[in-house]
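Each chain is listed here by its residues.
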Amino acid sequence: MLNIQDPTEARKIIRNNQYVRQTAGVASQYVQGNVCILPSKYSVNFATFCEKNPKPCPLIGLGVKGDPKLKDLGDIDIRTDVPKYRVWKKGKIVDEPLDIKKYWNEDLVTFILGCSMSFELPLIEAGIEIQHIKNNTTVPMYSTSIDCKSAGQFQGKMVVSMRPLNTKDTIKSIQICSKFPSVHGAPIHFGNPDEIGVKDIMAPEYGDPPRPFKNNEIPVFWACGVTPQLILEKSKPDFCITHKPGCMLITDKLNSDLATF
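The shown structure was predicted, so the numbers you read here are calculated from the model rather than taken from an experiment. (Residues numbered from 1 in each chain as written. Predicted model: local features only at pLDDT ≥ 70, side-chain atom pairs only at ≥ 80, totals over all residues. Heavy atoms only, no water.)

## Let's talk about the nonpolar core
Next, step 1: The biggest cluster of nonpolar side chains holds 37 residues, and the ones touching the most others in it are I37, I78, I112, L123, I241 and L249.
Next, step 2: Put simply, the parts of the chain that give this core at least two residues each are β1 (30–39), β3 (85–89), β5 (108–114), α3 (117–125), α5 (167–177) and β9 (217–223).
Next, step 3: If near-sequence neighbours (up to four positions away) are discounted, I78 is found in contact with V35, I37, P68, L70, Y85, I100, W104, T110, I112 and L249.
Next, step 4: Counting 26 residues, the second largest nonpolar core, distinct from the first, contains Y42, C57, W88 and I196. (Core = buried A, V, L, I, M, F, W, Y, C linked by side-chain atoms within 4.5 Å. Buried < 20%, exposed > 50% of the residue type's maximum accessible area, 1.4 Å probe, protein only. Helix = DSSP H or I, 4+ residues; strand = E, 2+ residues; numbered from the N terminus. Contact = heavy atoms within 4.5 Å.)

Right, dumping it as structure tokens:
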């Protein structure tokens, strides 16, 4: 893991392609975001999709068409400041570059969605062990049977992230995460994965598999900002760009500023 707690310094290292891994725990006091970049003809429907589905797709940043800068979130160039990107054409991943300079054009609109990494620090500060951060792996993420509300061509199922917790920590996580609605909020499910369509908890569609569960642990699921990647796969826009799951945009916004008390 990149042991840097200053977001500007972390982005500088990422911008220079010196760090190309998952960003959990990097600049942990600061908001990290999921990235979705679309041609402008899709932007209204995608913004509506986010508005209709605030749990998996909480919109925390929106770029100006053709401008790669995100001044409201920091000294950011979206073309270079993510460790690894995914380039999509008609629902298929065609490239996973370290920067997207050659793909950028003046018609693109950038959406930044809230990320669960913003509530993980308050969980850790409350004494809750977060398995994937401890193990320096990417949080496991799963497709579910839960329908998102559609907007134009954007429709499909929700993706969730999972953290194994004991009963006591599950209750604490609900209490803590309820204060962070702009970064997915409280868990949407805990316990039996089959009830939300997750068939094999040890085989996530995204991220890394969890370690074997301890006797007192249950799976706890949060709505996940990787949901748009599943939606894009289904809706097949001509072209779009996302982050690689786990490789997030680090902003200058403090996690604590997103809390509602």
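## A look at helix α6 (residues 227–235)
Next, step 1: Of all nine residues in α6, seven are buried, a share of seventy percent or more.
Next, step 2: Those residues of α6 that fall on the buried side of the exposure criterion are T227, P228, Q229, L230, I231, L232 and S235.
Next, step 3: Looking at the residues trailing α6, positive phi occurs at K236, about 55°.

## Some words on the sheet that holds strand β6 (residues 141–147)
Next, step 1: With respect to topology, four strands assemble into an open sheet ordered β6-β7-β9-β8, the strand pairing being antiparallel. Only two strands of the sheet have a single neighbouring strand rather than two, namely β6 and β8 (189–190).
Next, step 2: Where β6 lies against strand β7 (residues 157–166), four bridges are found, and the strand directions are antiparallel. Each residue of the ladder has a partner; that of M141, found in β7, is S161. (Pairing = 2+ DSSP bridges.)

## What about the pairing of β5?
Next, step 1: A large share of β5 lies buried, amounting to seven of its seven residues.
Next, step 2: As judged from the three bridges shared by strand β2 (residues 59–62) and β5, these two strands associate in the antiparallel manner. Residue L62 lies in a different strand from β5, and its bridge partner there is F111.

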